[in-house]
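Each chain, written out:
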Amino acid sequence: MDRRRPALVALLLFVAFTGAAIVVSGSRPASDEGALPWALQVIGYLCAVAAGVLLLTGQDAAGRRTGMVVTAAVVVLALLDVLVPDEGGANIGAGLVRLVLLVVLAVATVRLSLATAAARRSRPAS
């Protein structure tokens, strides 16, 4: 069974939930953001972990490598959110690491979408 398509959907859900968390967080005052942005981000992380696990349990080596990268990036992102306190100030080091990891996840998503599209095109019509 090809697990790339469900993994791609899960990664796109991660993007959607991360965007929603940013929008909700930005629309509320910094002193009282509430728990909704954090909950949306946790759901996004769970979607990304599901994508990584789907790719890790697949049959092709490239998919397993992508699954390891996705899973590792999400774990580090989640650890950053838990361990680095957000005191309202800028933490340039954590922000840079977060940016690099989000770029890594974006590249993995693009590669996965290209592989999924190529597999779909090469499949004979039934």
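The next subject is the nonpolar core. Counting residues in hydrophobic clusters, the biggest one holds 19 residues, and the most contacted among them are Leu11, Phe14, Val70, Val74, Leu77, Leu105 and Leu112. Breaking this core down by element, the ones donating at least two residues are helix 1 (4-27), helix 2 (36-56), helix 3 (61-83) and helix 4 (92-122). If sequence neighbours within four positions are ignored, Val70 has contacts with Leu11, Ala48, Gly52, Leu105 and Ala108.

Here the focus is the packing of helix 2 against helix 3. The description of two packed helices rests on the angle between their axes and on the distance between the axes. Between helix 2 and helix 3, the least distance of the axes is 7 Å, while the angle of their chain directions is 155°. Judged by the inter-axis angle, helix 2 sits roughly antiparallel to helix 3. The handedness of the crossing between helix 2 and helix 3 is left-handed. Contact residues: Trp38, Gln41, Tyr45, Ala48, Val49, Gly52, Val53, Leu55 and Leu56 in helix 2; Gly63, Arg64, Thr66, Gly67, Met68, Val70, Thr71, Val74, Leu77, Ala78, Asp81 and Val82 in helix 3. Partitioned by chemical class, the residues of the contact of helix 2 with helix 3 number 13 nonpolar, six polar and two charged.

Attention now goes to the UniProt feature "transmembrane region" (unreviewed entry) in the protein chain. Listed under "transmembrane region" (unreviewed entry) in the UniProt record, and renumbered for this structure, are residues 35-56, 68-84 and 96-114. Between the C-alpha atoms that bound residues 96-114 the distance is 27 Å, and the span itself is 100% helix and 0% strand.

Within the secondary structure, Leu77 is located in helix 3. In sequence terms Leu77 and Leu99 are 22 residues apart; their C-alpha atoms lie 9.6 Å from each other.

Here Thr71 lies in helix 3. A polar contact is formed between the side chain of Thr71 and the backbone oxygen of Gly67, at a distance of 2.7 Å. Residue contacts for Thr71: discarding those within four places in its chain leaves Gly52, Val53 and Leu56.

Thresholds applied
Residues numbered from 1 in each chain as written. Predicted model: local features only at pLDDT ≥ 70, side-chain atom pairs only at ≥ 80, totals over all residues. Heavy atoms only, no water. Core = buried A, V, L, I, M, F, W, Y, C linked by side-chain atoms within 4.5 Å. Buried < 20%, exposed > 50% of the residue type's maximum accessible area, 1.4 Å probe, protein only. Helix = DSSP H or I, 4+ residues; strand = E, 2+ residues; numbered from the N terminus. Contact = heavy atoms within 4.5 Å. Axes fitted to C-alpha atoms, helices over the stretch in contact; angles between N-to-C directions. Parallel < 35°, antiparallel > 145°, perpendicular 65-115°, else oblique. Left-handed = near helix turned anticlockwise from the far one by under 90°. Nonpolar A, V, L, I, M, F, W, Y, C, P; charged D, E, K, R; others polar. UniProt positions renumbered as here; feature names shortened; annotations may be inferred. Polar contact = N/O pair within 3.5 Å; in protein donor to acceptor, adjacent residues only side chain to side chain.

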